[in-house]
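Survey of secondary and tertiary structure
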Amino acid sequence: EDQVTQSPEALRLQEGESSSLNCSYTVSGLRGLFWYRQDPGKGPEFLFTLYSAGEEKEKERLKATLTKKESFLHITAPKPEDSATYLCAASGGSYIPTFGRGTSLIVHP
Amino acid sequence: EAGVTQFPSHSVIEKGQTVTLRCDPISGHDNLYWYRRVMGKEIKFLLHFVKESKQDESGMPNNRFLAERTGGTYSTLKVQPAELEDSGVYFCASSPTRGPGELFFGEGSRLTVL
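Presented here is a report on the structure given in the accompanying data block. (Residues numbered from 1 in each chain as written. Chains lettered and ligands numbered in written order. Predicted model: local features only at pLDDT ≥ 70, side-chain atom pairs only at ≥ 80, totals over all residues. Heavy atoms only, no water.)

1. Comments concerning the interface of chain B and chain A
With 20 residues of chain B in contact, the opposing surface of chain A contributes 21 residues. Scanning the region where chain B abuts chain A turns up two salt bridges. Taking the shortest distance from any N to any O, the salt bridge between Arg101(A) and Glu42(B) comes out at 3.3 Å. Joining chain B to chain A, the criterion identifies six residue pairs in polar contact (both at pLDDT 80 or more). Where the side of chain B that touches chain A is concerned, the elements lending two or more residues are strand S4 (31-37) and strand S5 (43-50) of chain B. Of the residues in the side of chain B that touches chain A, the class split is eight nonpolar, five polar and seven charged. (Contact = heavy atoms within 4.5 Å. Salt bridge = Lys/Arg side-chain N within 4 Å of Asp/Glu carboxyl O. Polar contact = N/O pair within 3.5 Å; in protein donor to acceptor, adjacent residues only side chain to side chain. Helix = DSSP H or I, 4+ residues; strand = E, 2+ residues; numbered from the N terminus. Nonpolar A, V, L, I, M, F, W, Y, C, P; charged D, E, K, R; others polar.)

2. Regarding the state of the cysteines
The final tally for this structure, using the stated rule, is two disulfides over all chains. Bridging Cys23(A) to Cys88(A), the disulfide has an S-S length of 1.9 Å. Between Cys23(A) and Cys88(A) the sulfur-sulfur dihedral comes to about -65 degrees; the bridge is accordingly left-handed. Separated by 65 residues along the polypeptide, Cys23(A) in strand S3 (residues 19-26) and Cys88(A) in strand S9 (residues 84-91) bring together distant segments of the chain. A residue is classified by how much of its surface remains accessible, and Cys23(A), at 0% relative accessible area, is buried. Given a relative accessible area of 0%, Cys88(A) falls into the buried group. For Cys23(B), the disulfide goes to Cys92(B), at an S-S distance of 1.8 Å. Taking the sign of the S-S torsion, -60 degrees for the link of Cys23(B) and Cys92(B), the bridge is left-handed. (Disulfide = S-S within 2.5 Å. Buried < 20%, exposed > 50% of the residue type's maximum accessible area, 1.4 Å probe, protein only.)

3. So, the sheet that holds strand S7 (residues 65-69) of chain B
All names here are of chain B. One open sheet holds the four strands; their spatial order is S1-S3-S8-S7, and the pairing between them is antiparallel. Looking at strand neighbours, the two that pair on one side only are strand S1 (5-7) and S7, the edges of this open sheet. In this sheet, adjacent strand axes meet at a mean angle of 15 degrees when their direction is disregarded. (Pairing = 2+ DSSP bridges. Axes fitted to C-alpha atoms, helices over the stretch in contact; angles between N-to-C directions.)

4. Details of the layout of surface pockets
Approximately 660 Å³ is the volume found for the largest pocket. Forming the boundary of the largest pocket are 28 residues, of which Gln38(A), Thr85(A), Arg37(B), Val89(B) and Arg110(B) lie nearest the centre. Of all elements in the fold, only S9 and strand S11 (103-108) of chain A together with strand S9 (88-95) and strand S11 (109-113) of chain B reach the threshold of two or more residues within the lining of the largest pocket. Considering every element that reaches the lining of the largest pocket, the biggest residue donor is S11(B), with four residues. (1 Å grid on protein atoms, 1.4 Å probe; cavity = no way out; pocket = protein on both sides within 12 Å on 5 of 7 lines; lining within 4 Å. Points joined across faces, edges and corners; volume = space filled by probe spheres on them.)

5. What about the sheet that holds strand S7 (residues 62-66) of chain A?
Residues and elements named next belong to chain A. Taking strand neighbours across the sheet as the criterion, the five strands line up as S1-S3-S8-S7-S6 in an open arrangement whose pairing is antiparallel. Lying at the two open borders of the sheet, with one neighbouring strand each, are strand S1 (3-7) and strand S6 (56-59). Taking the axes of each pair of neighbouring strands and ignoring which way they run, one obtains an average angle of 15 degrees across the sheet.

6. A few points about the pattern of salt bridges
All names here are of chain A. Following the criterion strictly, the structure yields 11 salt bridges over all chains and no others. Here Lys-57 makes a salt bridge to Glu-55, at a shortest N to O gap of 3.8 Å. For Lys-57, a relative accessible area of 29% puts it in the partly exposed group. Between Lys-63 and Glu-56 there is a salt bridge whose closest N-O contact spans 3.3 Å. The class for Lys-63 is partly exposed, based on a relative accessible area of 28%.

Listed below in structure tokens is the structure:
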């Protein structure tokens, strides 16, 4: 059974304090590793897809990386508007993404 | 371009009653997914439509849940009769392709069963 585990569950940062979120996955035949952002009362919003180990993608202050067992979402000099829940998902042979529980990020001004 | 829309945004019903949730995907998206998030848990897959056909319904909890997608357009998810453990947020997502890629999510329908 595909599994995705995210850590930490919650993270509080000061504005400008860089950090990383972790996503460990166990998926047979990884097809894609996804990062989503979810704001309160909203649906998940797509950020990145990573397909193979060693791949990296960047968007503004966010950078996602992928190894054979885990993915990291690096947040550089975060701002309060980066506060949200960040979800990781992985899909294998069935193409259906399996989600982790998410990391709730709060960035204090 | 309109995104994925879901209705109602919140429904409160008594145990034993019936509720029908509706999802309108992005126009032209053949793939439609239903997911559910129970409080404190991860978002869990329920089922996947390709056009009007159920491609994978392995995540449906039991036969109290019935999903349909008429004409390959909007989809409904009916819960009958509702139980307390059915409470949660039901998300619908759509995508233009079946392969691993971006899912476009709606804002969700929160179901509270009392």
